[in-house]
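In case you want the letters, here they are:
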Amino acid sequence: METLLQLILPSVILPLLLSILLWRFSLSNSTASGILPLIWLPSYFWLNGWLPLIPAEAVHWLWWLVIGSMVINLMFKSRFFLLTVFQTALLSIILITVAWPVLQYKIDLILIIEMLAVIFTAYTALGRTVKNNALIPVLSLTICFAGMGLVVTLGGSLLIGQLAGAMASILVVFACWEVMSKQQTSINALRLVPVVQLYLLTLVIARVFVEIPLTTFILLLIALLASLISTIRYAYILTVTSVVTAICQLLLGADVNSYY
Amino acid sequence: MKNKITATTLGAAALAIIIGTGPVSAAVAVAGSYTIDPDHTSVQFSVSHLGTSKLVGGFNSVAGDILLNPQGKSNIEVRIETNSVDTNHKKRDSHLRSPDFFNAKQFPLMKFVSSNVKYNQNNEPVSIAGKLTLHGKTKDITLSVKPVGAGKDPWGGYRAGYDATTTIKRSAFGMNFMQGGVGDEINITLNIEAIKK
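These figures come from a predicted structure and were not determined experimentally.

Turning our attention to the pattern of salt bridges. Residue and element names in this part refer to chain B. Counted according to the given criterion, the structure contains 10 salt bridges over all chains. A salt bridge links Asp65 to Lys197; the shortest N-O distance between them is 3.3 Å. You can see Asp65 sitting in strand S4 (residues 62–68) and its partner Lys197 sitting in the segment after strand S11 (182–196), a full 132 residues away along the chain. For Asp65, a relative accessible area of 27% translates into the label partly exposed.

Next comes the structure, spelled out in structure tokens:
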């Protein structure tokens, strides 16, 4: 029981409570969505066991990406082109840094292509949504994070699965609000850029270090892309289809009997 | 005919096993340079699981060099591939290789390099202090050594065997994940067989 609590406290209960508090006591929706990525950090620090100021491993870069992305958001919030360029540059630099320990032993062309695909996705999707001042359906993003958490946990890393699960737990409060208030969305795309960046980096880490299958990786990438560029109705359908296919593919294609 | 072949094959296999695994002698190892024989060396570890039992595992890929010199500078280096972790459970091994624990993609090698080797009155190594690099971190550890035997092997070479043990805290090497379920203290045992160069 104690072990179970240890698993769900940082990945479900703490982020859920913080998210409810943020939603309940925020002065405005804009403030809430702006702070949203920050309330993921307590879970992150808890799961890592310490504050990784100097990154030594891939997961140590996650919080730097979130902070960096939020700073860029603040600096260029009205200059969309610069914002997209700097956000993409930040993700590219961190992706290369994260993959370098693997690439230095063996230059893997497939891996390089996959990373370029992620960077291209980030650039086009972020550029489009930010420029159009578009809205991102939070429910769709919640499904993406929850799906990735489940896939990575089944794929072999409970830590990365929990990190993704923690973000899903934060987003689910806003997703419920979105669904119950029957609004198309509650959060502007610009506010969710750090969350999107976090998803992309976590996905690459899962692919490189946990070795989730390539098709699963592509499906989870499509799930996010659908959330960003599709119309709301199609976004839900595409995201759910991609995530469910990714989970089923992993369940059917491998021995996933849990031993945790 | 078939039975005869089977009997001959079995006889040869039994002979090979006896020759291959039979003790050479229990003498004191002579000073000199040795190479660790990966086929007859094992690295095992045990760790508490949920505080109720000990889980035992090992690494299948071990290499290294030993220079024994009781009168001068001794040097021991052991290299272990973290990707070769084996706990007799495929999914668990995959989890152990992930960033949750060994992060084998980023840190493919675990290495021990000695800094000080202590010998007993019979010039047998009994304690080896050195640096263990694991998970990107290097820490001082000390191995307690028990000589097992040494002598000529059936192929004209010279072999020496040692059992070495130590206990480390995985948190000291930045492996903090699942501290409640998986114990912090790891008992490590190396059963080394080395061939004289």
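Picking up where we left off.
This next bit is on the packing of helix H3 (residues 41–48) of chain A against helix H4 (residues 61–75) of chain A. Residues and elements named next belong to chain A. It is the contact of H3 with H4, at a shortest axis distance of 11 Å, that shows an interaxial angle of 165°. With respect to each other, H3 and H4 are oriented roughly antiparallel. Taken as a pair, H3 and H4 cross one another with a handedness that is left-handed. For the pair H3 and H4, the contacting residues are Leu41, Tyr44 and Phe45 in the first and Trp61, Leu62, Trp63 and Ile67 in the second.

Taken residue by residue, the interface counts 22 residues in chain B and 28 residues in chain A. Taken together, both faces of the contact between chain B and chain A bury some 2100 Å²; the carbon and sulfur share is 56%. Looking at the side of chain B facing chain A, the largest losses of area belong to B:Lys91, B:Lys105 and B:Gln106, adding up to 31% of the total buried there. On the surface where chain B and chain A come into contact, there are one salt bridge.

Conventions we followed
- Residues numbered from 1 in each chain as written.
- Chains lettered and ligands numbered in written order.
- Predicted model: local features only at pLDDT ≥ 70, side-chain atom pairs only at ≥ 80, totals over all residues.
- Heavy atoms only, no water.
- Salt bridge = Lys/Arg side-chain N within 4 Å of Asp/Glu carboxyl O.
- Helix = DSSP H or I, 4+ residues; strand = E, 2+ residues; numbered from the N terminus.
- Buried < 20%, exposed > 50% of the residue type's maximum accessible area, 1.4 Å probe, protein only.
- Axes fitted to C-alpha atoms, helices over the stretch in contact; angles between N-to-C directions.
- Parallel < 35°, antiparallel > 145°, perpendicular 65-115°, else oblique.
- Left-handed = near helix turned anticlockwise from the far one by under 90°.
- Contact = heavy atoms within 4.5 Å.
- Buried area = accessible area lost by both parts, 1.4 Å probe.

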